[in-house]
Amino acid sequence: MEPATEHIVVRRSGPLLGEVTVPGAKNSVLKLMAASLLTDGVTTLTNVPDIADVAIMGDLLSAIGVTAEWQSTEDRVLRLTNHGALTPVAPYELVERIRASINVLGPLLTRCGTVRLSLPGGDDFGSRPIDMHMSGLEAMGATFQIRHGYVEATADRLHGANVTFDFPSVGATENILTAAVFAKGTTVIDNAAREPEIGDLCQFLVEMGADIEGVGSSKLVVHGVERGSLRPVVHEVVPDRIQAATYMAAAGVTGGEIRLRNAHSEHMEMLLRRFGDMGLGITAQEGGIGVWAPARMRATDVATLPYPGIATDYKPLVVTMLTVAEGVGIVTENLYPGRFRYVEELQRLGADISTDGHHAVVRGVPHLSGAPVRAPDIRAGAALVVAGLAAEGETVIGGVHHIDRGYDDLVGRLRSLGADIERRPAV
Ligand code: EPU
């Protein structure tokens, strides 16, 4: 991957045409990497995206005692070698760089009986507490102390419990799930998050020898197995529905026709329905999805919700599509109230958007006009790239390191579809 001291420069493009392959999901691979702490030996992950967050998670795991190395970046195969001598400490310097570092909590606690983890901070789009992770693990017998910015958890052996979430938190579901794998007895997680990436984690754990019922549902039942009884496996990471949606949005704003190899329409049903309302033609095909976009899309209203609802991560893309659609769309954010920061950047590109609390009202304009902008986070950064495709003149995007955290060669893939886009050294 190129260094992040670069800008992405985009000029009005389109229509985008052709085919791209959707890479593996960031929000799955990071959790699978953390779950490799549960077994000694060599875990092999395939379809791993070449993104900065994978490298950062690799650094964190290597501080704990698992080495992560590419068997091949070309084939996107990552090998994780767990020698069994783990240091269950996640230091501040690494935790602050990546939210998914919280995912080592469950595996380390259940395997080592103790963990010291730097408290994760907030994100650019708001506060991100871990109270549900902690209360779920407490119900399983863990005790927590917070000292000097670290959460210290201990539990000689966790036991099964009934854990009912007030809200289906992705991270909390994953931590309780991985912790329950070696707990004594049965753990029932009610109102569990059921994102496809959680399904992928469940499948990975089952392949390793865990005993989990209800995979894909909001009630997960985990029967604890003996510590040491899991085995390393070879597992293919589920394709990234957010990256898939990014290419759909790019086709949408440029009036293109593309095919997304390896995209799973069944993981994006609600979003695809909304895209249909906007005038996109979407066809589920063997091994992918076909997308056809009209010359100009129609506006629609969208609200974010936990899966199977429309994910908050799609929202910057949807807002961007609405900026150039015909009519007015209202977008409501139900997960992260502060997640509208990029709106000011889109306004710099000439978008007509007003926000009120967790609502954004977007009035479509015929086209945007290029300007320098800054990516505030991964998804908003990708949305600004998409906006640049519909903007007259040049859009120069800074903060590219955010985009590199979650996108595997966004620029190369868009170029292959005919986009006028490049990375350029920042001057
Ligand atoms: N929440 C609590 N207490 C908790 C846990 C969560 O109040 O103990 C709240 C959060 O503050 C937030 C909501 O619940 O308002 C959702 O949080 P959740 O735990 O579901 O999210 P997460 O696990 O922290 C993952 C993704 C995010 C994605 C969200 C929602 C990863 C690494 N991150 O975060 O992805 O937005 O689920 O779908 O999986 C991204 O990839 O750019 C990204 C931010």
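Conventions adopted
- Residues numbered from 1 in each chain as written.
- Predicted model: local features only at pLDDT ≥ 70, side-chain atom pairs only at ≥ 80, totals over all residues.
- Heavy atoms only, no water.
- 1 Å grid on protein atoms, 1.4 Å probe; cavity = no way out; pocket = protein on both sides within 12 Å on 5 of 7 lines; lining within 4 Å.
- Points joined across faces, edges and corners; volume = space filled by probe spheres on them.
- Helix = DSSP H or I, 4+ residues; strand = E, 2+ residues; numbered from the N terminus.
- Nonpolar A, V, L, I, M, F, W, Y, C, P; charged D, E, K, R; others polar.
- Phe/Tyr/Trp six-rings, centres within 6.5 Å; stacked < 30°, edge-to-face > 60°.
- Lys NZ or Arg CZ within 6 Å of the ring centre and 35° of its normal.
- Pairing = 2+ DSSP bridges.
- Axes fitted to C-alpha atoms, helices over the stretch in contact; angles between N-to-C directions.
- Domains from an automatic or database assignment.
- Contact = heavy atoms within 4.5 Å.
- Salt bridge = Lys/Arg side-chain N within 4 Å of Asp/Glu carboxyl O.
- Polar contact = N/O pair within 3.5 Å; in protein donor to acceptor, adjacent residues only side chain to side chain.
- Right-handed = clockwise from strand over helix to strand, strands pointing away.
- Core = buried A, V, L, I, M, F, W, Y, C linked by side-chain atoms within 4.5 Å.
- Buried < 20%, exposed > 50% of the residue type's maximum accessible area, 1.4 Å probe, protein only.
- Near = heavy atom within 4 Å.
- Areas by Shrake-Rupley, 256 points an atom, 1.4 Å probe, with all protein chains shown as cover.

Asker: Could you clarify how one ought to interpret empty space enclosed by the protein in this entry?
Answerer: Which parts of space are left empty comes out when a probe the size of a water molecule is rolled across the atoms. For the structure on display, the rule yields three cavities of 30 Å³ or more. Estimates place the volume of the largest cavity at around 40 Å³. In terms of lining residues, the largest cavity is bounded by Arg241, His267, Met268, Glu269, Met270, Leu271, Tyr307, Pro308, Gly309, Ile310, Ala311 and Tyr314. For the lining of the largest cavity, the element with the most residues is helix 9 (residues 269-277), which contributes three residues. For the lining of the largest cavity, the per-class residue count stands at eight nonpolar, two polar and two charged.

Asker: Got a minute to help me understand the packing of aromatic side chains in this structure?
Answerer: Per the stated rule, a full pass over the model turns up zero aromatic pairs. Sitting above the plane of the Phe340 ring, Lys315 keeps its charged end 3.9 Å from the centroid.

Asker: Whenever I open this one, the sheet that holds strand 11 (residues 186-190) confuses me. Can you help?
Answerer: Strands in a sheet are paired, the pairing made by backbone hydrogen bonds, and the direction either parallel or antiparallel. Pairing is mixed in the open sheet, where four strands are placed in the order 10-11-13-12. Unpaired on one side and paired on the other, strand 10 (162-164) and strand 12 (211-213) mark the two borders of the sheet. Ignoring which end each strand starts from, the neighbouring axes of this sheet average 15 degrees apart. Taken together, the three bridges between strand 12 and strand 13 (residues 219-223) define a ladder with antiparallel strand orientation. Its bridge partner being in strand 13, Ile212 is matched across the sheet by Val222.

Asker: So what exactly am I meant to see when it comes to the domain arrangement of the protein here?
Answerer: For the protein, the assigned domains are domain 1 (6-23 + 239-425) and domain 2 (26-236). Taking only C-alpha atoms into account, the centre of domain 1 sits 30 Å from that of domain 2. The interface of domain 1 with domain 2 comprises 26 residues on the first partner and 20 residues on the second. Linking domain 1 with domain 2 are three salt bridges, by the criterion used here. For Arg241, the salt bridge identified is with Glu197, shortest N-O distance 2.8 Å. At the boundary of domain 1 with domain 2, the tally comes to seven residue pairs in polar contact (both at pLDDT 80 or more). Elements that contribute at least two residues to the side of domain 1 that touches domain 2 include exactly helix 12 (378-389) and helix 13 (400-406). It is helix 13 that contributes the most residues to the side of domain 1 that touches domain 2, four residues altogether. Classifying every residue of the side of domain 1 that touches domain 2 by side-chain character gives 11 nonpolar, five polar and 10 charged.

Asker: Even after reading the chapter, I still don't get the environment of Ala180, so can you show me in this structure?
Answerer: Within the secondary structure layout, Ala180 lies in helix 6 (residues 170-180). Remark: the alpha-carbon pair of Ala180 and His223, spanning 43 residues in sequence, is separated by 7.5 Å. Excluding anything up to four places from it in sequence, Ala180 contacts Met140, Thr187, Val222 and Gly224.

Asker: Is there a simple way to explain the pairing of strand 11 in this structure?
Answerer: Two faces make up the sheet, and in a regular strand the side chains alternate between them. The pairing of strand 10 with strand 11 spans three bridges and is classified as parallel. Bridge pairing in strand 11 places Asn162 opposite Val188. Handedness of the crossover joining strand 10 and strand 11 through helix 6: right-handed. Inspection of the sheet shows strand 11 paired to strand 13 by five bridges, in the antiparallel sense. Among the inter-strand pairings, Asp190 is bridged to a residue of strand 13, identified as Lys219.

Asker: I tried to follow the pairing of strand 20 (residues 352-356) on my own but got confused; where do I start?
Answerer: Of the strand pairs in this sheet, strand 20 and strand 21 (residues 359-363) are connected by five bridges, and their pairing is antiparallel. When the sheet's bridge partners are listed, Ser354 is paired in strand 21 with Val361. Taking the residues between adjacent antiparallel strands as the criterion, strand 20 and strand 21 are bridged by two residues, where Gly357 takes a positive phi near 60 degrees.

Asker: Sorry, what's going on with the nonpolar core here?
Answerer: Nonpolar side chains in soluble globular proteins tend to be buried together. With 74 residues, the main nonpolar core has Leu260 and Leu414 as its most contacted residues. Not counting the four nearest positions on each side in its chain, Leu414 is found in contact with Leu16, Tyr247, Ala250, Val385, Leu389, Ala419 and Ile421. In this structure, Ile64, Leu78, Ile98 and Ala192 belong to the second largest nonpolar core, which totals 72 residues.

Asker: Explanation requested: the sheet that holds strand 23 (residues 372-374) in the structure shown.
Answerer: Spatially, the four strands line up as an open sheet ordered 23-25-1-26, and their pairing is mixed. Each edge of the sheet is formed by a strand with only one pairing partner; in this case those strands are strand 23 and strand 26 (420-425). Strand-to-strand, the axes of this sheet are offset by a mean angle of 25 degrees, without reference to chain direction. When strand 1 (residues 6-11) meets strand 26, the two strands line up antiparallel, connected through six bridges. Bridge assignment links Glu6 to a residue of strand 26, and that residue is Pro425. Relative to strand 1, helix 12 is tilted by about 35 degrees, and along the sheet it contacts strand 1, strand 23, strand 25 (394-398) and strand 26.

Asker: For this particular structure, what's the right way to read the site of the ligand?
Answerer: In the vicinity of the ligand, 24 residues are found, and the nearest of them are Lys31, Asp131, Met132, Ser169 and Asp313. The backbone of Pro129 places a nitrogen or oxygen atom 3.3 Å from an oxygen atom of the ligand. Out of a free accessible area of 820 Å², the ligand has 88% covered by protein chains. Mapped onto the shell around the ligand, the elements with two or more residues apiece are helix 1 (26-35), helix 5 (131-139), helix 6 and helix 12. Across the shell around the ligand, the residue classes break down as 10 nonpolar, six polar and eight charged.

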